[in-house]
Amino acid sequence: MSNNQDLILLNQRISPGECKTINFSFAKLYTSTNVEIPIIVERAKAPGPTVLLTAGIHGDEINGVEIVRQVIANKINKPKRGTVICIPILNIFGFLNASRVFPDGRDLNRVFPGTKTGSLASRVAYHFTKEILPFADYCLDFHTGGAQRFNASQIRIAPEQEELKTLANVFNAPFTVYSSNISKTYRHTCDKMGIPTLLFEGGKSLDSNKYIVKDGVDGVKRVLSHLGMLSDDIVVPVVKTAPVLISKSRWVRAQKSGLLHVKIDCNKHVQKGEFLATITDPYGKMRIKVTAPNEGYIINVNHAPIVNQGDAIFHLSTESSTETRNEDDN
């Protein structure tokens, strides 16, 4: 939507130059209290594209929520042209319960585009896809690593999509990771609808990290500036280096169960054979070293103090390739 006509969103009319908060109401609690998702819409008088910012698809991913909150609080979402739609928390149920999933146990990011009469998560995905997503010209979706896995700030895009690669370079997270679209994810649905989408990953669940949040907020500023939407009052962060492009990666897994002692930070470039961690038993009998199987960048570190054999403990880039070997997509 790139004209200067009134926007009709969830039966609410928003005129050019107007700001409005709309409640996306889709369910009730056991107490019959409505569950409402606030949607903050800011429109400029000048026509331009519509950018949709979403976070909290997983209710325990706090960094994304804080990124979108700061965008709103600092008025970055007030465009000089076009429209910015912000949804800080899409999975309100999960946020209230500090849980990744919906009360029905479903992962919202595995049920898109949803069904009208399906599970609770599927119904939310359906109404979001039908009633909100079609207005977007661009989407920025914010996530963190699952459980105790800490992600370096990164943008995930599908390979061989040059427009997305250009946008990822504009966003300028430290890493751009090629990651194929997984069926039934939000990103896959956007791709099917022809909406360019950047998926930001940074930090871990149930944790707030100011450096990750800054990377996300700075990226939003750069993208809005690139689209000619950023207010002249907002300073565009300086780009010092281009993102490191990771086209192929692998998980380093625990060869033994025990206590994990990580010896290296996320984001680091390591050499083959470099010391990464130790795994010990609780009784002082066992101590094994974990070393890098190849040269590359550490883009995810497991912060769990205890691991089982086979658990993913480091996500490590490998040599550049046109193929991708990422095993997860938030």
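Residues numbered from 1 in each chain as written. Predicted model: local features only at pLDDT ≥ 70, side-chain atom pairs only at ≥ 80, totals over all residues. Heavy atoms only, no water.

Caption draft 1: Representation of the overall build of the protein chain in the model. Secondary structure assignment for the protein chain yields 6 helices and 19 strands. A globule of 330 residues ought to have a C-alpha radius of gyration of about 20 Å, and the protein chain, at 21 Å, matches this closely. Each principal axis of the C-alpha distribution contributes one length, and for the protein chain these read about 70 × 50 × 30 Å. Counting every position in the protein chain, which comprises 330 residues, the buried fraction comes to 53%. In the form shown here, the protein chain has an accessible surface area of approximately 14800 Å², with 48% of it arising from carbon and sulfur atoms. (Helix = DSSP H or I, 4+ residues; strand = E, 2+ residues; numbered from the N terminus. Rg over C-alpha atoms; globule rule 2.2 N^0.38 Å. Buried < 20%, exposed > 50% of the residue type's maximum accessible area, 1.4 Å probe, protein only. Areas by Shrake-Rupley, 256 points an atom, 1.4 Å probe, with all protein chains shown as cover.)

Caption draft 2: Geometry of the packing of helix α1 (residues 62–73) against helix α6 (residues 210–226). One way to put it is that α1 packs onto α6 with a least axis distance of 9 Å and a crossing angle of 45 degrees. One element, α1, and the other, α6, form an angle in the oblique class. Considering only the axes of α1 and α6, their crossing is right-handed. Taking contact as the criterion, the partners of Asn63, Glu66, Ile67, Gln70 and Val71 in α1 are, on α6, Ile212, Val213, Gly216, Val217 and Val220. Grouping the constituent residues of the contact of α1 with α6 by class yields 6 nonpolar, 3 polar and 1 charged. (Axes fitted to C-alpha atoms, helices over the stretch in contact; angles between N-to-C directions. Parallel < 35°, antiparallel > 145°, perpendicular 65-115°, else oblique. Left-handed = near helix turned anticlockwise from the far one by under 90°. Contact = heavy atoms within 4.5 Å. Nonpolar A, V, L, I, M, F, W, Y, C, P; charged D, E, K, R; others polar.)

Caption draft 3: Quick peek at the pattern of salt bridges. On inspection of all chains with the given rule, the structure shows 9 salt bridges. For Asp6, the salt bridge is made with Arg13, and the minimal N-O distance between the two is 3.2 Å. When its relative accessible area of 33% is taken as the criterion, Asp6 is described as partly exposed. A salt bridge links Lys78 to Glu42; its shortest N-O distance comes to 2.9 Å. (Salt bridge = Lys/Arg side-chain N within 4 Å of Asp/Glu carboxyl O.)

Caption draft 4: Local environment of the pairing of strand β6 (residues 83–87). The element β6 is largely enclosed, with a buried count of 5 among its 5 residues. In β6, alternate side chains face the same way, and those of Thr83, Ile85 and Ile87 on one face and Val84 and Cys86 on the other are all buried. Strand direction decides the pairing type here: strand β4 (residues 34–43) and β6, joined by 4 bridges, are antiparallel. Paired with Arg43 across the two strands is Thr83, which belongs to β6. Here 5 bridges tie strand β5 (residues 50–55) to β6, and the two strands are oriented parallel to one another. The residue of β6 that forms the bridge with Leu52 is Ile85. What joins β5 to β6 is α1, and the crossover it makes is right-handed. (Pairing = 2+ DSSP bridges. Right-handed = clockwise from strand over helix to strand, strands pointing away.)

These figures come from the coordinates and say nothing about function on their own.
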